[in-house]
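Fold and contact review
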Amino acid sequence: MIDFLKKAFQGFSKKVEEEQGEKEEKEKEKNKAEPVKVVEPVKKGFFKEIEKFVIETKLSEENFGKMFSELEDALLKNNVAIDVVSGIKTALKWNIVEKPVKREDVNKIVKDSLKEFVAKIFQDAGQIDLLSKVRNKKPFVILFIGVNGVGKTTTLAKIAKYLQKNNLSCVFGAADTFRAASIEQLEEHANKLGIHVVKHNYGADAAAVAYDAITHAKAQGINTVLIDTAGRSHTNADLMDELAKVRRVAKPDMVILTVDSLTGNDAAEQAKLFEDKIGFDAFILTKTDTDEKGGAIISVSYTVKKPILFLGVGQRYEDLKPFKAEEIINKLFG
């Protein structure tokens, strides 16, 4: 999923190494051609003179810009948001431009700079222990939001399976009363998982469905309420207002945004607008198993500074992988 990043970073390091290598060779030739001044070892300046023979060259800002341009193009083409690219450029520039860097140290410096930058993105986004939160409140209400076609309903079912495996009961709230066959789709998942669905007719008030699902959970002593909603275009103000009403009525303990990793830079834009209009606590990236670019995983975290709960890696209920920042960082730079 993120091989492109590793290759792009390695290519950049190689260019810098080659530039430093050329400078080192020129410096060596210069030192050979010029007679060395003999300095008394007892003088204070002796060690300063010795340091001149340690080949340490500096990369100019102009050459850095030329080298980074290819890496920048690769990042943008592979769904890394422009703000993230700018951050990467600043991090690298700070550590290698006009700094004494030996050729053999270039790869390590570049890798450490990028590793620190990406780690900071995930650190700023924070993390959430879902199981701990669910166990501390009953019922724990989760509202699922997202645009059409991102796999929101399937992701909801995967979360239900995950909670069941940890001995936590669930009820579904079929608050997508707009899309044709949405209730039947949710019921199909519910039947496979042995979960009750609270539903109304199509065209009913979605907020009322959410309210009834929570009431049912309280009466039955159920741990978790998982509320499905209609896919909203993040640019449609009326639909976003309706979703905001569902949130006001349901008062969820957690709002999860489902994002399709294949949508690229638009994934970060979706996250930003949903945060501005509705607000959410965490997100789940779907279809990461088929995403050959992978930039969305960094871009969304950077844009909204919200934690990633899970990565969708397939169609089965078990294909929901808890997000671990260190695994992504190790794949990139390990």
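Our subject is the structure listed above.
Position labels on residues start from 1 in each chain and follow its written sequence. With the structure being a predicted model, the display of local features is reserved for residues of pLDDT at least 70 and the display and counting of side-chain atom pairs for 80 or more, all residues being used for whole-chain, interface and lining totals. Excluded from the side-chain calculation are hydrogens and water; included are all heavy atoms of the structure.

A word on the nonpolar core. Phe12, Ile88, Leu92, Phe122, Ile145, Phe274 and Phe280 are the most contacted members of the largest nonpolar core, which has 72 residues in total. Whether two residues are in contact is decided by their heavy atoms, any of which lying within 4.5 Å being enough. Those residues within four positions of Phe12 in sequence are excluded, and the remaining contacts are Phe64, Met67, Phe68, Leu71, Leu92, Ile96 and Val110. By size, the runner-up hydrophobic cluster in this structure holds 30 residues, among which are Leu163, Phe172, Ala282 and Leu320. For the purposes of this section, nonpolar cores are sets of buried Ala, Val, Leu, Ile, Met, Phe, Trp, Tyr and Cys residues that join through side-chain atoms within 4.5 Å. Three labels apply to residues, based on accessible area from a 1.4 Å probe with only protein chains included: buried if under 20% of the type maximum, exposed if over 50%, partly exposed otherwise in between.

So, on to the environment of Arg179. Numbering of helices and strands runs from the N terminus, with a helix taken as a DSSP run of H or I at least four residues long and a strand as a DSSP run of E at least two residues long. When you line up the elements, Arg179 lands in the loop between β4 (170–175) and α8 (182–193). Judged by relative accessible area, which is 32%, Arg179 ranks as partly exposed. Sequence separation between Arg179 and Thr229 is 50 residues, and the spatial gap between their C-alpha atoms is 9.5 Å. Setting aside its immediate chain neighbours within four residues, Arg179 contacts Thr153, Gln185 and Tyr202.

Below, the discussion takes up the sheet that holds strand β9 (residues 308–312). Two strands form a pair only when DSSP identifies at least two bridges running between them. Sheet architecture is open: eight strands sit in the order β5-β4-β6-β3-β7-β8-β9-β10, paired in mixed fashion. Either end of the sheet is taken by a strand with one partner, and the two such strands are β5 (196–198) and β10 (320–322). Pairs of neighbouring strands in the sheet enclose a mean axial angle of 25 degrees, with direction left out of account. Here strand β3 (residues 140–145) pairs with strand β7 (residues 254–260) via four bridges, running parallel. Bridge pairing links Ile145 to Leu257 in β7. Here, axes are lines fitted to C-alpha atoms. For helices the fit covers the stretch in contact, and angles between N-to-C directions go from 0 to 180 degrees. Sitting on the sheet, helix α10 (residues 237–250) is in contact with β3, β6 (224–229) and β7, with an inclination near 175 degrees to β3.

Our focus in this paragraph is the layout of surface pockets. Every definition here rests on a 1 Å grid over the protein atoms only: cavities are sets of points where a 1.4 Å probe fits but cannot get out, pockets are open sets enclosed by protein on both sides within 12 Å along at least five of seven lines, and lining residues have some atom within 4 Å of a point. Grid points are joined across faces, edges and corners, and a volume is the space filled by probe spheres set on the points. Size it by volume and the largest pocket reaches roughly 400 Å³. Ranked by residue count, the leading element in the lining of the largest pocket is helix α5 (residues 106–125), at four residues. Looking at the lining of the largest pocket residue by residue, the classes come out as 15 nonpolar, four polar and three charged. Here the nonpolar group is Ala, Val, Leu, Ile, Met, Phe, Trp, Tyr, Cys and Pro; Asp, Glu, Lys and Arg are the charged ones; every other residue, Gly included, is treated as polar.

A separate point is the packing of helix α9 (residues 206–220) against α10. Running from N to C, α9 and α10 cross one another at 25 degrees; their axes reach a closest spacing of 8 Å. Between α9 and α10, the interaxial angle falls into the category roughly parallel. In this structure, α9 meets α10 at a crossing whose hand is right-handed. On the side of α9, the interface is formed by Ala206, Ala207, Ala210, Tyr211 and Ile214, while α10 contributes Glu242, Lys245, Val246, Val249 and Ala250. Taken together, the residues that form the contact of α9 with α10 break down as eight nonpolar, no polar and two charged. Any angle between 65 and 115 degrees counts as roughly perpendicular, while under 35 counts as roughly parallel, over 145 as roughly antiparallel, and the rest as oblique. By definition, any crossing whose near helix is turned counterclockwise from its far helix by less than a right angle is left-handed, and any crossing with a clockwise turn is right-handed.

Any Lys or Arg side-chain nitrogen located within 4 Å of an Asp or Glu carboxyl oxygen qualifies as a salt bridge. This structure, assessed with the given rule, holds 12 salt bridges. The closest approach of N and O atoms between Lys192 and Glu188, which form a salt bridge, is 3.7 Å. A residue pair is termed a helical-turn pair when its members lie 3 or 4 positions apart in one helix, as Lys192 and Glu188 do in helix α8 at four residues. Close ionic contact of Asp205 with Lys245 constitutes a salt bridge, the shortest N to O distance being 3.1 Å. One end of the pair, Asp205, is in the loop between β5 and α9; the other, Lys245, is in helix α10, and 40 residues separate them in sequence. The class of Lys245 is partly exposed, set by a relative accessible area of 33%.

Stacked, edge-to-face and tilted labels apply to pairs of Phe, Tyr and Trp rings (six-membered ring for Trp) whose centres lie within 6.5 Å, assigned for plane angles under 30 degrees, over 60, and everything in between, in that order. Counted according to the given criterion, the structure contains three aromatic pairs. Measuring from centroid to centroid gives 5.0 Å for Tyr162 and Phe310, while their planes differ by 75 degrees, and the two rings are edge-to-face. Remark: Phe310 occurs in strand β9 and Tyr162 occurs in helix α7 (residues 152–165); sequence separation between them is 148 residues. Judged by relative accessible area, Phe310 falls into the buried class, the value being 3%.

This paragraph deals with the pairing of β4. For a regular strand, the rule is simple: side chains alternate between the two faces of the sheet. With six of six residues buried, β4 lies mostly within the body of the structure. Burial of the side chains of β4 extends over both faces: Cys170, Phe172 and Ala174 are buried on one face and Val171, Gly173 and Ala175 on the other. Pairing analysis gives six bridges linking β4 to β6, with the strands arranged parallel. Bridging from a neighbouring strand, Ala174 pairs with Asp228 of β6. Bridge count for β4 against β5 is three bridges, and the pairing is parallel. Within β5, the residue paired with Phe172 across the bridge is Val197.

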